[in-house]
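Inside the fold
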Amino acid sequence: QVQLAESGGGLVQAGDSLRLSCAASGRTFSWYNMGWFRQAPEKEREFVAAISRSGDNTYYADSVKGRFTISRANAKNTGYLQMNSLKPEDTAVYYCAAAVSGRDYVPRGANQYDYWGQGTQVTVSS
């Protein structure tokens, strides 16, 4: 299996930026499609962004498109989520996830992912 650990969350003001990191260990990270999800209190876990194994394909939720950028550095076994122009509604626990796949694609459903990190809190004040 692969182990995932998020970092980079914190308390910021609306309009600020944060970059979340997802450090992977265990299996070769480049073998996994990966994504980011978030969950606010009393809400369902929400898809944020996904990136394919190669990094050639990405997909974003409408709520973050144009503001967030997902990327990966396979040689460093690390994935990233750059978050710009943050809004109070972005406040949530953010999770990275990895999906085993025989092809290069961008899974969008939580049930398509096999491994999850423990999450990092992002709080955006108005």
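Because the structure is predicted, anything quoted here is derived from the model rather than measured. (Residues numbered from 1 in each chain as written. Predicted model: local features only at pLDDT ≥ 70, side-chain atom pairs only at ≥ 80, totals over all residues. Heavy atoms only, no water.)

**Notes on the state of the cysteines**
Our working definition: Pairs of cysteine sulfur atoms within 2.5 Å are what we label disulfides. Each helix is a run of DSSP H or I of at least 4 residues and each strand a run of E of at least 2, with the numbering of both proceeding from the N terminus. The rule is simple: take the accessible area with a 1.4 Å probe, protein chains only, and divide by the maximum for that residue type; under 20% is buried, over 50% is exposed, in between is partly exposed.
Here the structure, examined in full by the defined rule, presents one disulfide. A sulfur-sulfur distance of 2.2 Å marks the disulfide that ties C22 to C96. Where C22 bonds to C96 through sulfur, the torsion about that S-S bond is close to 65°, and the disulfide is right-handed. Taken together, the positions of C22 in strand 3 (residues 18–26) and C96 in strand 9 (residues 92–100) put the pair 74 residues apart, joining distant regions of the chain. Using a relative accessible area of 0% as the deciding quantity, one classes C22 as buried.

**Observations regarding unusual backbone geometry**
Phi is positive for E42, close to 65°, though the residue is something other than glycine. Looking at the secondary structure, you find E42 in the loop between strand 4 (32–39) and strand 5 (46–51). Here E42 falls in the exposed class, since its relative accessible area comes to 88%.

**What to know about the environment of Y105**
To keep it simple, the criterion reads: By the convention used here, residues are in contact when the closest approach between their heavy atoms is within 4.5 Å.
Looking at the secondary structure, you find Y105 in the loop between strand 9 and strand 10 (115–116). The exposure class assigned to Y105 is buried, which follows from its relative accessible area of 16%. Placed 42 residues apart in sequence, Y105 and S63 show a C-alpha to C-alpha distance of 21 Å. If sequence neighbours within four positions are ignored, Y105 has contacts with N33, I51, S52 and Q112.

**What to know about the pattern of salt bridges**
To keep things clear, this is the line we draw: When a carboxyl oxygen of Asp or Glu is within 4 Å of a side-chain nitrogen of Lys or Arg, the pair counts as a salt bridge.
Applying the stated criterion across every chain, the model contains four salt bridges. Between R38 and E46 there is a salt bridge; the shortest N-O distance is 2.9 Å. Judged by relative accessible area, which is 5%, R38 ranks as buried. Through salt bridges with shared partners, a single ionic network connects R38, E46, R67 and D90.

**Observations concerning the side chain of S21**
Counting through the fold element by element, S21 comes out in strand 3. Exposure remark for S21: the relative accessible area of 17% places this residue in the buried category. With near-sequence residues (within four places) excluded, S21 lies in contact with A5, E6, S7, W36, T78, G79 and Y80.

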